[in-house]
Structures are given as C-alpha cells and as structure tokens.
Amino acid sequence: MNFLRGVMGGQSAGPQHTEAETIQKLCDRVASSTLLDDRRNAVRALKSLSKKYRLEVGIQAMEHLIHVLQTDRSDSEIIGYALDTLYNIISNDEEEEVEENSTRQSEDLGSQFTEIFIKQPENVTLLLSLLEEFDFHVRWPGVKLLTSLLKQLGPQVQQIILVSPMGVSRLMDLLADSREVIRNDGVLLLQALTRSNGAIQKIVAFENAFERLLDIITEEGNSDGGIVVEDCLILLQNLLKNNNSNQNFFKEGSYIQRMKPWFHVGDENSGWSAQKVTNLHVMLQLVRVLVSPTNPPGATSSCQKAMFQCGLLQQLCTILMATGVPADILTETINTVSEVIRGYQVNQDYFASVNAPSNPPRPAIVVLLMSMVNERQPFVLRCAVLYCFQCFLYKNQKGQGEIVSTLLPSTIDATGNSVSAGQLLCGGLFSTDSLSNWCAAVALAHALQENATQKEQLLRVQLATSIGNPPVSLLQQCTNILSQGSKIQTRVGLLMLLCTWLSNCPIAVTHFLHNSANVPFLTGQIAENLGEEEQLVQGLCALLLGISIYFNDNSLESYMKEKLKQLIEKRIGKENFIEKLGFISKHELYSRASQKPQPNFPSPEYMIFDHEFTKLVKELEGVITKAIYKSSEEDKKEEEVKKTLEQHDSIVTHYKNMIREQDLQLEELKQQISTLKCQNEQLQTAVTQQVSQIQQHKDQYNLLKVQLGKDNQHQGSYSDGTQVNGVQPEEVGRLREEIEELKSNQELLQSQLAEKDSLIENLKSSQASPGTNEQSSAPASARDSEQIAELKQELTTLKSQLNSQSVEITRLQAEKQELLRKTETFAKSAPAPGESEAGTAAKATDVEGRLSALLQETKELKNEIKALSEERSAIKEQLDASNSTIAILQNEKNKLEMDVTDSKKEQDDLLVLLADQDQKIFSLKNKLKELGHPVEEEDELESGDQDDEEDEDEDDGKDQGPMI
C-alpha cells in the first residue's frame, strides 16, 4: 500500500481534512462496533462516499469491507453495501468525472485496487461463494464486482477462478436466473471470463452454455432482439473462435441447424434498425468462425456440409440476392457465403445454380461480377465479390471449366442478349479503371489455378480489338497492354495473370515465346535502373522470364533454355536477375497478402498482391534461381531423371492397377464362397428338416404297423377293406408313398449338397497354396486328379472338334441347298446338256457323301464323349468311395484308440484295488498273529503262492507284501 499512500500524498487537490477524518471514523465503526445496525450504517455511509473519494475509501476501508464479507454473511443488506462499495472503488466506469489533472491517475486506480484485492486468492473464492446467494442485493453487485475484476486484471483472475472448485459452474448458474438484469450481467461476466482462455472456454461449453445462449437469443427475437442478443453472440464468438474442440462440440450438438432462423430477414425493408444491423453483422461473423480457412480442413468441411444440409447456405444466398439490404450487411454476407462454399464441391455447385430474381434470371456469379468491375461500387463490396469468386473456384475444376468455357468461341452467345462471366472478366481486364483491371486479372488467374487443361483451353480465346483488323489471342492482348506502359496496378495484375497462366504449362510458354517482341520487352524492363515504384514490376518481369525458362520444352529453336540463359547473362547478368527476382518477396505488401486468403485492403492503392500468387512465388523463386545457374549438361541430366521417374511412375501405376484388379477378383471370389457357404448351410438345414420329417413318418408307420398287427390278431374275421385301429389301408398306402417321396427328396438334396461342397472345395483349392495341396492329397487321389484333368482336357478338345465339325456340316448343308436350288432353276428354265447334268449330279453326290461321312464322324465323337463322361463319373464315384472308406477307417481307428485308453485306465484302477486288498489282508494276518490265532494252511498256501508270484514279477520290478 506504500505506492497508494504516495499517490494520495502527492495529490494537489485532495478532499478536505474533515472528509478524511469522516472516512477514518466510519472505518473504525465498521471494525469495532458490536451492533450490526451500526456497522451497516457505517458501510452505507462509505458506499455514498466511495464514488467521490475513491482513493481514500479504497486505502482505508478495503480490508474492513473484505472482513465484513467474511463475518456478516447472514445479513444480506450489509453484504450488498460492501459489494457496491468495492465495485465503486475498483471500477473505472464511474459517472462523476474527476478533475482533469487527476484523470489519468484515476484510471490506474482500478488495476491497483484489483491487484490488492486478488493478492489473497481467498477473496475471489469468497466472492464466488457469495454468488450462490439468491438474494438480489447480494448476487447482482457480486456479479458486477467480479466482472470489473476480470476487466482490470483478466488473466490473473481467470487463473484463480479456474483452480477454484466448481468456480466456473457457479458462474454458469447465472444464465438460468429468472431475473433478466442478473442474467444479462451474467452474460457480460462470462464474456470477460472466457476471453483468450481456452481451458475456461471448454469448461463453459461443456456446462451447456450453447443451449442456454441459443435459448436466450430465440427468446429475445433472434436478429430483431436488443443488445442482449448481441452480448450472447459475442460470448458465442469467444467460445468458438480458435477453439477446435468447442467448434466440433457445437457441430456435433446440432447447434448449426439452430442458426438458420437468425437470417429470416423478411420481405419488408423498413425493419433495419441499427441494433438489427449490428446483430446480423455479429451473426454472420459467427458463421465465418465455424468455416474459417484457418480452421483444420476436416472441421471446416463438416461444418460446410451441415450448413448446406440444414438450409443455412440457401438462406444466406437469399439475403445475397435480396433488395434493400444495407451495404455493410451485404458485404459481410458475401464474405460469409464465400467461406461457406470455399473448397467444398457440393456448396460450390449449389452456388453456381443460384439465380438473381431478375427478368430474365441471371446467375448470381454474373450479378456479383458486374458489381466487381463497376468502379462506382464501394471498394469493400468489390473486394468481397472478388473473394467470393476466388472461393467459388478454389479446388473446383468443374467451376473453372465453366468460367473458361464462357470465353471459348463455341459457347459465346451470338445474339448478345446475355452477358457471361468470361465476358465480364475480359471487359474488366481491358477497362480504363486500374482496380477493375487488377480484380479481373486475379479472378481469371484463379480460373487457371492448378488446372493445366484450362490453361491450354484459354489459349484458344480470340478477341476482336477493332473493326477490320484480324482477332488476336487473349495472351497476345495481355502482353500488348503490358507493353503500353499503363498504371502499375494494371501491370501487376496482368503480370500475375501471365505468371499463373504460364507456370506448369509448356504449351502456354511456347505460345508466349512465339511472339518475338515479348522476350526483348521483359529483358529491357529488367535491365533498366528504375525507381522504387517500378522495382515490383521488374521483379514480376523477372519471374515471368524465369517461368519461360523453367517450363520451356525447347520446341522453339530460337528461344531454347540455354539461349535464354545466355541472353540473361549478356544483357542483365545472373546476379542482377536474381536480385530483381527477390524484389517481389521483399515488398512490404507481400507478407500482408500471404497471411490470409481474403483480400482485405484499407484502400485501393494497397491492392497489389493476391494470396494464391504469393504461394506461387514462394514455390517458384528457388527453382528458377537454380535453373538460371544450371549448365546445359545438368539440364539434360535432369530431363533424363524426369523421364526415368515418369517411366518408373508408369510402371508403378501399371502394377497398382494390376493389384487393384486382383483385389477385385479376390473380393468376387470371397463373395462367391460366402454365397455358396450360405447356400450350403441352407441345404444342410433343409436336409436336417427332411431327415427329421422322414423319421417322424417312419415312427408313425411303425406305430401303425404294430397296431395293424394287433388288430389282425384280435379281428381275423374282418376283411381287408375294414378299418385298422381307425386308419384306412388307403391312408397307410398314402403314407408309404409320402415316405418314398421324402426319401427321394432327401437323396436329391444330398446330391445337390455334394455338388455345392465340391464347388466350394474347388474354389478353396484355387486360392490355397501349393504346399497345402501337397499336404492334403494322398498319392491315390493325386493320380485320380491327374486322370480327371486329362479327361477334362480330352473332353474340351473333343468339344472343340465337335464344334468345328458342326460348323463344317452347316456350311456343307447350305452349299447343298444352294446346289439343289440351282439345279431346279436350270431344270425349269431350259434343258441343260447331259454332261452338265451329270457333273451337277456328281457334285451333289460328292457333297452328300462328305456330309454322310461327317455325320458318321460326329456320331462317333458323341459316343466317345459319352464313354469318357461315363468313365469320368466312375472315377469320381471311386474317389468318393475311397474318401468315405478313409473316413470310416479313421473313425474306427479313433474308436479303437479310445477303447485302448479306457482299458488301460480300468487295468490301472484294478491294480490299485488289488494292492489295497493285499495290504488289508497282510494287516489282518498280522493282527491274527498278535492275538495268537493260528494261521490256516490255506493262508500259508496263499502266502506261498504270493511268494511264487513275487519271484515271477521280480523282472518287472513289482514288489508284493512280506510273506506271513
């Protein structure tokens, strides 16, 4: 507090001595009075003095006021007075102005007193706990005091609140307060709390802040609401700007859909109040926060998708084409639409389909371009339209093609009734307004960005310069205007267009070099020593000449790479050329343009560089420098390396395509296998059902048979046609027929199942490795497979022979019919000589003989095919029989092994039991001996037998008990 005492002592015009004594006495009453009413009156008096005598009250009373907050929590009135007094001390928003000589000193008091207050973090925690009180006289001044603390020393207070348990959650409860004044001031408090603190922003967002704020905006009337709507929108901006986690949470919570009603502006034009304009402006900025180019690409595209699906983009385009919209709202709407469509194909396609409500309807793009090339439009609006056009073409090759196609001869409207985007760009490119020249050149350059096809297409554009003169190409017209010495802004725009056009397009470079005046013009511009204003033009000319060297395919003998390098070395000098090239990136406006895609300039003279062009300069500056210093041999080596790389890439592409095709085939085979497996399972299920049905019918049949036998025994006198246990013999016969039919169905299904199994095995074997086939096949089955393969080969050969024979038979039959027809014709028309008739007859006989022979041969082949098929079937049956025999033998082997295992187990159990019995007998005999009971001879005999057995088993290592 020493510095405060110094400030107080240094004041020239302080309070009267009596006022200082009064403040001192009041502080003493607050500190020492035992009655609550006395303390309350003293704090009320301090509150009334705190605005006029802020410094004195702050120095003397702050500690006492904090003590009141700690000890008098039960009395809301004194707590309210204390909070109001602290607010008056700390806040700089006082109504009464202090004297002029102490104004600056008073402004510093807020931060100084705030520093004293938060020096004890417990004071902030105490203030947070007071906010839980519902009493208006406590809660409202507490909110104002905490807001003032955050305004004075935001980061320090934020850190204290962040580490305080449930600190942020307590503040979030303010948004649910039913009293509007507390809720509204709570929004202001959260604004100050969330400013530039990502951790607190995340906590506030996950405390359901989005839902509550959007509800407040809806309750207040969306864009027609008052300043509360603006405050909520600013708080939403704090939560979302540069916070990817909150942006994703906002999108996933479907809150983007709730933004659409904000932009229902209606048809009337009288409702644009100042607050509505402000609200809409902040709403548009909030949309831009979600789709900003600086956000991660994936997050931006997902928000763009959601905005199109919920109709938000359509609503923005409606405002864009509406009449009576204020200029600043229209400008911001254009910028917002730009970023909503930037780089997202679906939104770009929709924007291309939007038409203005004119007669006849015109595309929105054309209407916007008309504003861009109109010099009477506001500068910020023209910049916004240029940004919108750039965003429409960004990574949109389809849109680039549509713009360039409007310039081609085959698509230009001959009637002249409608103006196209390309014609507007050309008009702006060659107008007298330098800003229109620059905007049109940059817009046209974006139509060529990273699109070699459109660069080649634009070479076809021809312009009619004047009546009677032949048309010139667009490329030639650009160079003509460049050489005429127009304004710097125009020349910079044209040079940026030419550099973009010629980069990565050797054909365009050839067209440019084909005009013999272009290279001398560039070298002349670079070689001259001009002022600082012209240095940028010199740098761009050097860049254009470097592009003409680097992307030169050496198709023009007079302007090959090596000759152009020699020209630079003679007329300019390599070092001088590189120095002039470096003027571009050293320009003061270059770094500004490279920061953001949006062309945001304070005035037209700052409109020099385009953002995408700065990327091109950064990419080409180094490679052009290397190309200038390279020798011809290094160029040849580089070209060879390029060719090698291209060949390598083609080989890699070929193998990639092969792998892709094999993957597709493999997927198809897998699908076939899965389909066949499903069919197999279905057939097995059907077979199981049929078997169960057959078993049921068998059981019924056996039951009926038994009952029929019993009835025949008891009623032998009855005839065959009588009932048997209530069942007619005809029904028994019908049941037998059903059983037979079910048996045949079962056999049919089993045969189908066998076919499917074989097909599955064939597919598996085709995918399996050769090693697996060797392990799974026995020698006999391998020989059978070879025989089957040979038979299949023979069958294929015979079928091909049969087909060829059939073709020959058909041809001969046609020839026979033709001869018969000719014979009949000759017979009818005139008698032919005998020799001719004989020759014809002989020919017909020959044909019939050949035909008979072929028919006989065909018959023999068919018989042979039939025999081979039968032999194949027999081999297949043998193979199936051998497989079934192997399976049966394997099953029997498994059963025998199990029997042997069981027998061994039983034998071990018997041996254990026998050993237990022997042990028991031995113990009993010992007991008998101890009791003096004589052992019988049988026992001795048994013991002798045991002894003999013991001798026999000594070889096996088995010991019996001792003899008795």
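That block above? That's the structure.
Keep in mind that what you see is a predicted model, and the values were worked out from it rather than measured.

(A) Looking closely at the overall build of the protein. Helices and strands together make up the secondary structure of the protein, namely 42 helices and four strands. Counting only residues that meet the buried cut, the protein has 40% of its 964 residues in that class. Put simply, of all contacts in the protein between residues at least 6 apart along the chain, 72% involve residues at least 24 apart.

(B) Expanded view of the packing of aromatic side chains. Across all of its chains, the model carries twelve aromatic pairs by this definition. Each ring, one from Phe-250 and one from Tyr-255, has its centre 5.5 Å from the other, and the planes form 40 degrees; the classification is tilted. For the pair Phe-250 and Tyr-255, a shared accessibility class is recorded, and that class is buried. With a centroid separation of 5.8 Å and 65 degrees between ring planes, the pair formed by Phe-308 and Tyr-350 is classed as edge-to-face. In this pair, Phe-308 is assigned in helix H17 (residues 297-309) and Tyr-350 in helix H20 (residues 345-353), connecting sequence segments 42 residues apart. Put simply, the rings of Phe-206, Phe-210, Phe-249, Phe-250 and Tyr-255 pair up and form one aromatic cluster. When the ring centre of Tyr-87 is taken as origin, the NZ or CZ atom of Lys-144, which lies over that ring, is 5.1 Å away.

(C) Inspection of the packing of helix H33 (residues 574-581) against helix H36 (residues 611-629) at higher detail. Taken N-terminus to C-terminus, the directions of H33 and H36 make an angle of 175 degrees; their axes are 11 Å apart at the nearest point. For the element pair H33 / H36, the angle class is roughly antiparallel. Residues Lys-574, Glu-575, Phe-577, Ile-578 and Leu-581 of H33 pack against Glu-621, Ile-624, Thr-625, Ile-628 and Tyr-629 of H36. Within the contact of H33 with H36, the residues separate by chemical class into six nonpolar, one polar and three charged.

(D) Representation of the layout of surface pockets within the structure. The computed volume of the second largest pocket comes to approximately 900 Å³. Lining the second largest pocket are 34 residues, and of these Arg-288, Glu-339, Lys-596, Gln-598 and Asn-600 sit closest to its centre. If you list the elements that add at least two residues to the lining of the second largest pocket, you get helix H16 (274-290), helix H19 (327-341), helix H22 (379-393) and helix H35 (588-595). The leading source of residues in the lining of the second largest pocket is H19, at five residues. Each residue belonging to the lining of the second largest pocket can be placed in one class, and the counts come to twelve nonpolar, 14 polar and eight charged.

(E) Structural context of the packing of helix H18 (residues 312-321) against H19. Across the interface, H18 lies against H19 with an axial gap of 9 Å and an inter-helix angle of 145 degrees. Classified by chirality, the crossing of H19 by H18 is left-handed. Here Leu-313, Leu-316, Cys-317, Ile-319 and Leu-320 of H18 come into contact with H19, specifically with Leu-330, Thr-333, Ile-334, Thr-336, Val-337, Val-340 and Ile-341. Looking at side-chain class alone, the contact of H18 with H19 contains ten nonpolar, two polar and no charged residues.

(F) Focus on the state of the cysteines. Applying the stated criterion across every chain yields a total of zero disulfides. Residue Cys-478 stays outside any disulfide, its sulfur separated by 8.0 Å from that of Cys-426, the closest cysteine. Here Cys-478 falls in the buried class, since its relative accessible area comes to 0%. The thiol sulfur of Cys-499 is not disulfide-bonded, and the nearest other cysteine sulfur, from Cys-541, lies at 8.4 Å.

(G) Focus on the pattern of salt bridges. Per the stated rule, a full pass over the model turns up 22 salt bridges. Here Arg-39 ties to Asp-72 by a salt bridge, and the two come within 3.1 Å at their closest N and O atoms. With Arg-39 in helix H3 (residues 36-50) and Asp-72 in the loop between helix H4 (54-71) and helix H5 (76-90), the pair connects residues that are 33 residues apart, well separated along the chain. Assessed through its relative accessible area of 14%, Arg-39 is described here as buried. Among the ionic contacts, a cluster of salt bridges with common partners joins Asp-37, Arg-40, Arg-44, Asp-75 and Glu-77.

(H) Quick look at the side chain of Asn-246. Inspection of the secondary structure assignment puts Asn-246 in helix H15 (residues 244-252). For Asn-246, a relative accessible area of 0% puts it in the buried group. A polar contact of 3.1 Å, which involves the side chain of Asn-246, links it to the backbone oxygen of Gln-201. A distance of 2.9 Å separates a polar atom in the side chain of Asn-246 from the backbone oxygen of Leu-239. In this structure, Asn-246 is in contact with Gln-201, Lys-202, Ala-205, Phe-210, Leu-239 and Leu-240, ignoring residues within four places of it in sequence.

(I) Representation of a negative patch on the surface. Residues Asp-899, Asp-902, Glu-906, Asp-908 and Asp-909 make up a contiguous surface patch of negative charge. If you trace the backbone, Asp-899 turns up in helix H41 (residues 834-931).

(J) Spatial organisation of helix H12 (residues 198-206). Taken together, the buried positions of H12 are Ile-200, Gln-201, Val-204 and Ala-205. End-on view of H12: buried residues confined to an arc of 135 degrees, all on one side of the axis. Contacts from the buried residues of H12 go to helix H9 (154-163), helix H10 (167-172), helix H11 (180-194), helix H13 (209-219), helix H14 (227-240) and H15. For H12, the N-terminal capping position is held by Asn-197, with its side-chain oxygen 3.3 Å away from the main-chain nitrogen of Ala-199. Where H12 terminates, the next one or two residues include Asn-208, which has phi positive at roughly 70 degrees.

Definitions and cut-offs
Residues numbered from 1 in each chain as written. Predicted model: local features only at pLDDT ≥ 70, side-chain atom pairs only at ≥ 80, totals over all residues. Heavy atoms only, no water. Helix = DSSP H or I, 4+ residues; strand = E, 2+ residues; numbered from the N terminus. Buried < 20%, exposed > 50% of the residue type's maximum accessible area, 1.4 Å probe, protein only. Contact = heavy atoms within 4.5 Å. Phe/Tyr/Trp six-rings, centres within 6.5 Å; stacked < 30°, edge-to-face > 60°. Lys NZ or Arg CZ within 6 Å of the ring centre and 35° of its normal. Axes fitted to C-alpha atoms, helices over the stretch in contact; angles between N-to-C directions. Parallel < 35°, antiparallel > 145°, perpendicular 65-115°, else oblique. Nonpolar A, V, L, I, M, F, W, Y, C, P; charged D, E, K, R; others polar. 1 Å grid on protein atoms, 1.4 Å probe; cavity = no way out; pocket = protein on both sides within 12 Å on 5 of 7 lines; lining within 4 Å. Points joined across faces, edges and corners; volume = space filled by probe spheres on them. Left-handed = near helix turned anticlockwise from the far one by under 90°. Disulfide = S-S within 2.5 Å. Salt bridge = Lys/Arg side-chain N within 4 Å of Asp/Glu carboxyl O. Polar contact = N/O pair within 3.5 Å; in protein donor to acceptor, adjacent residues only side chain to side chain. Patch = residues over 30% accessible without salt bridge, like charges linked within 9 Å, V, L, I, M, F, W, Y side chains within 5 Å. Areas by Shrake-Rupley, 256 points an atom, 1.4 Å probe, with all protein chains shown as cover. Lys, Arg positive; Asp, Glu negative; His and termini not counted. Charge placed at Lys NZ, Arg CZ, Asp CG, Glu CD. Arc of directions from axis to C-beta.

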